[in-house]
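Coordinates in review
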Amino acid sequence: MNDKELERYGRHILLPEVDYEGQQKLLNAHVVIVGVGGLGSPAALYLASSGIKKLTICDFDKVDLSNLQRQIIYNEENLNEKKVIAAKNNLLKINSNIDIQTIDQKLNEFELEELLNNGVDVLLDCSDNFHTRYIINKVSFKTSTPLVSGSAIRMQGQLCVFDFRFKEKIGCYECIFPNNNVDEELRCADHGILAPVVGIIGTMQALEAIKLILNINNMQSKFLLFDGNQNEWKVIKYHKDKECKICSASSI
Ligand SMILES: [Zn+2]
């Protein structure tokens, strides 16, 4: 680490949980963020400022006026720009030393697998639909890529961490939310979302991504539900579903 890095990341290095060694791990890490919206915005901002060496951001949308209420990585000058381009430019203004790769398309299962086979430390699922979440869960499990999954609607949010480096021991997203052809898609566009709630969950995703890189693992077999109205967190325990078609012994 050079002098500028020691200065920039000094408040991290002071922490015994991080120290020089942990900051060096962050400076060598590759994180993929799928979806740069309400969740992906704070997640990307914190990961970039923390010095993650390489961020790959995926989104196929353009910046819309209705996004600015909560997607804090964008500003009025970015309206109608491609999200990944605007996000990249804004992240580089915070930290010009990191490498940001952009993917301006919806990745299918095979493309995502190819990406994850390329040395990815953590995948952040910041998408807004079940279809994408099930694909991400399946491919993360298959490629043993640690996954941090977040979602938020109205005044509620949830956060799940799956360290698939230890996949024999832990369950997966489908163990908690079985894929029974979910028809009813809850989307912010239809149901609304209070802006700071996505900020809280997206920020937690960045926190858990950093912890996975530092090998701090205390989210095994539990997930978090956040109620922004009551300002309460619930910790829910779950078990690996022996019948799960993604992660059960018979499907490995
Ligand atoms: Zn499972």
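Look a little higher up for the structure.
Residues numbered from 1 in each chain as written. Predicted model: local features only at pLDDT ≥ 70, side-chain atom pairs only at ≥ 80, totals over all residues.

Re the nonpolar core
In this structure, Val31, Ile33, Ala44, Leu47, Leu124 and Ala209 are the most contacted members of the largest nonpolar core, which totals 59 residues. Here this core gets 9 residues from one element, more than from any other, and that element is helix α10 (residues 195-213). Beyond its immediate sequence surroundings of up to four residues, isoleucine 33 is in contact with Gly40, Ala43, Ala44, Leu55, Ile57, Cys58, Leu124 and Cys126. (Core = buried A, V, L, I, M, F, W, Y, C linked by C-beta atoms within 7 Å. Buried ≥ 20, exposed ≤ 12 C-beta atoms within 10 Å, placed from the backbone. Helix = DSSP H or I, 4+ residues; strand = E, 2+ residues; numbered from the N terminus. Contact = placed C-beta atoms within 7 Å.)

Considerations on helix α3 (residues 19-27)
Turning to α3, its buried residues are Gly22, Gln23 and Leu26. End-on view of α3: buried residues confined to an arc of 100°, all on one side of the axis. Contact partners of the buried residues in α3: α2 (10-13) and α10. (Arc of directions from axis to C-beta.)

Notes on the packing of helix α4 (residues 40-49) against helix α5 (residues 83-94)
Running from N to C, α4 and α5 point in directions that differ by 35°, and their axes come no closer than 9 Å. In this structure, α4 meets α5 at a crossing whose hand is right-handed. Taken together, the residues of α5 that come into contact with α4 (itself represented by Ala44, Leu45, Ala48 and Ser49) are Ala87, Leu91 and Ile94. When its residues are assigned to classes, the contact of α4 with α5 shows 6 nonpolar, 1 polar and no charged. (Axes fitted to C-alpha atoms, helices over the stretch in contact; angles between N-to-C directions. Left-handed = near helix turned anticlockwise from the far one by under 90°. Nonpolar A, V, L, I, M, F, W, Y, C, P; charged D, E, K, R; others polar.)

What to know about the packing of helix α6 (residues 109-116) against helix α7 (residues 130-142)
Orientation of α6 relative to α7, taken along the N-to-C sense of each, is 40°, at an axis distance of 10 Å. Taken together, the axes of α6 and α7 lie oblique to each other. Here α6 and α7 pass one another in a crossing that is right-handed. Across the interface between the two elements, Glu109, Leu112, Glu113 and Leu116 from α6 touch Ile135, Val139, Ser140 and Lys142 from α7. When grouped by side-chain class, the residues that make up the contact of α6 with α7 number 4 nonpolar, 1 polar and 3 charged. (Parallel < 35°, antiparallel > 145°, perpendicular 65-115°, else oblique.)

Remarks on the pairing of strand β5 (residues 147-153)
The element β5 is extensively covered by neighbouring structure, given that 6 of its 7 residues are classed as buried. Pairing between strand β4 (residues 122-125) and β5: 3 bridges, direction parallel. Paired with leucine 123 across the bridge in β5 is leucine 147. Assessed by its sense of winding, the connection that carries the chain from β4 through α7 to β5 is right-handed. Across 7 bridges, the pairing between β5 and strand β6 (residues 156-162) is antiparallel. Bridge pairing in β6 links serine 149 to cysteine 160. In this structure, the hairpin formed by β5 and β6 is closed by a connection of 2 residues, where arginine 154 is found at a positive phi of approximately 50°. (Pairing = 2+ DSSP bridges. Right-handed = clockwise from strand over helix to strand, strands pointing away.)

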